[in-house]
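Per-entry structural report
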Amino acid sequence: MEAEKVVHSGGCHCKSVRWKVVAPSSVVAWECNCSNCYMRGNTHFIVPADNFELLGDSGNFLTTYTFGTKTAKHTFCKICGITSFYYPRSNPDGVSVSFKCVDSGTLTHVEIKHFDGKNWDSAYNQAGISSCSKVQSADP
């Protein structure tokens, strides 16, 4: 049975970028050691793109960085520089939310898993991370 979902709100440090995301109150977050995530200290959970909504005029405050395969879209606030979410290479149909950017009160538990981004191809095939952005069926 799938965990009940709640609405989490969050955003960047200066609050220019705000969003809401529908996800369980207990999430699995991925700590990655690829060059970008490692340098940013990024630990994120992944949701289907339809479960994420950028609020208000937040898009006006975003800029995007890409590198390597240019599949991942690393978004960050133009004002404070915080990456509160991005579109990951591992889940191009999803959104990665930095769990520390979620407003307090709705996340009850965060399980941290490690993703070996230095060895991305082999880690991707073994970690099961690609399933995180798939919509779960309501069937038992």
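Within every chain, residues take consecutive numbers counted from 1 along the sequence as written. Two thresholds apply to this predicted model, a pLDDT of at least 70 for residue-level local features and 80 or more for giving and counting side-chain atom pairs, whereas whole-chain, interface and lining totals are computed over all residues. Side-chain metrics rest on all non-hydrogen atoms present in the structure, leaving aside hydrogens and water.

This paragraph deals with the overall build of the protein. Helix and strand assignments come from DSSP, with helices taken as H or I runs of at least 4 residues and strands as E runs of at least 2, each series counted from the N terminus. Check the secondary structure of the protein and you find 2 helices and 10 strands. Tracing the protein from N to C terminus, the helices and strands come up as β-β-β-α-β-β-β-β-β-β-β-α. It only takes one pair of heavy atoms within 4.5 Å for two residues to be counted as in contact. Within the protein, contacts between residues separated by at least 24 positions form 59% of all contacts whose residues are at least 6 apart in sequence. Total accessible area computed for the protein in this model is approximately 7900 Å², and 52% of it derives from carbon and sulfur atoms. Calculation of accessible area relied on Shrake-Rupley with a 1.4 Å probe; when residues are assessed, cover is drawn exclusively from the protein chains displayed.

Here we take up the sheet that holds strand S8 (residues 85-86). Here we have 5 strands laid out as an open sheet, ordered S8-S9-S4-S3-S10, and mixed in their pairing. Sheet topology places S8 and strand S10 (109-115) at the edges, where each strand pairs with a single neighbour. When DSSP locates at least two bridges between a pair of strands, those strands are taken to pair.

A word on the sheet that holds strand S1 (residues 5-11). As summarised here, the arrangement of the 3 strands in space is S1-S2-S5, forming an open sheet in which the pairing is antiparallel. Of all strands in the sheet, those bounded by a partner on one side alone are S1 and strand S5 (52-54). Taking the axes of each pair of neighbouring strands and ignoring which way they run, one obtains an average angle of 20° across the sheet. Judged from the 3 bridges that link them, strand S2 (residues 18-24) and S5 form a sheet pairing that is antiparallel. Counted as the bridge partner of Trp19 is Leu54 from S5. Angles shown run from 0 to 180 degrees and are taken between the N-to-C directions of axes, each axis being a line fitted to C-alpha atoms and, for helices, limited to the stretch in contact.

Moving on to the pairing of strand S9 (residues 94-98). A regular strand places its side chains on the two faces of the sheet in alternate fashion. The buried label goes to any residue with under 20% of its type's maximum accessible area, the exposed label to any with over 50%, and the partly exposed label to all in between, with areas taken from a 1.4 Å probe on protein chains only. Among the 5 residues of S9, 5 are classified as buried, and the element is accordingly described as predominantly covered. Along S9, one buried face is formed by Gly94, Ser96 and Ser98 and the opposite face, lined by Val95 and Val97, is buried too. Examined bridge by bridge, strand S4 (residues 43-48) and S9 share 5 bridges and lie antiparallel to one another. By the bridge assignment for S9, Ile46 is matched with Ser96. As judged from the 2 bridges shared by S8 and S9, these two strands associate in the antiparallel manner. Along S9, the bridge assignment pairs Tyr86 with Ser96.

As a further point, take the nonpolar core. Residue types Ala, Val, Leu, Ile, Met, Phe, Trp, Tyr and Cys, when buried and joined through side-chain atoms within 4.5 Å, form a set referred to as a nonpolar core. Of all hydrophobic cores here, the largest spans 18 residues; its most connected members are Trp19, Phe45, Phe52 and Val97. By residue number, the principal contributor to this core is S2, which donates 3 residues. The contacts of Val97, once residues within four sequence positions are left out, are Trp19, Val21, Thr43, His44, Phe45, Phe52, Ser84, Phe85 and Val102. Residues Trp30, Cys32, Tyr86 and Phe115 belong to the second largest nonpolar core, which totals 7 residues.

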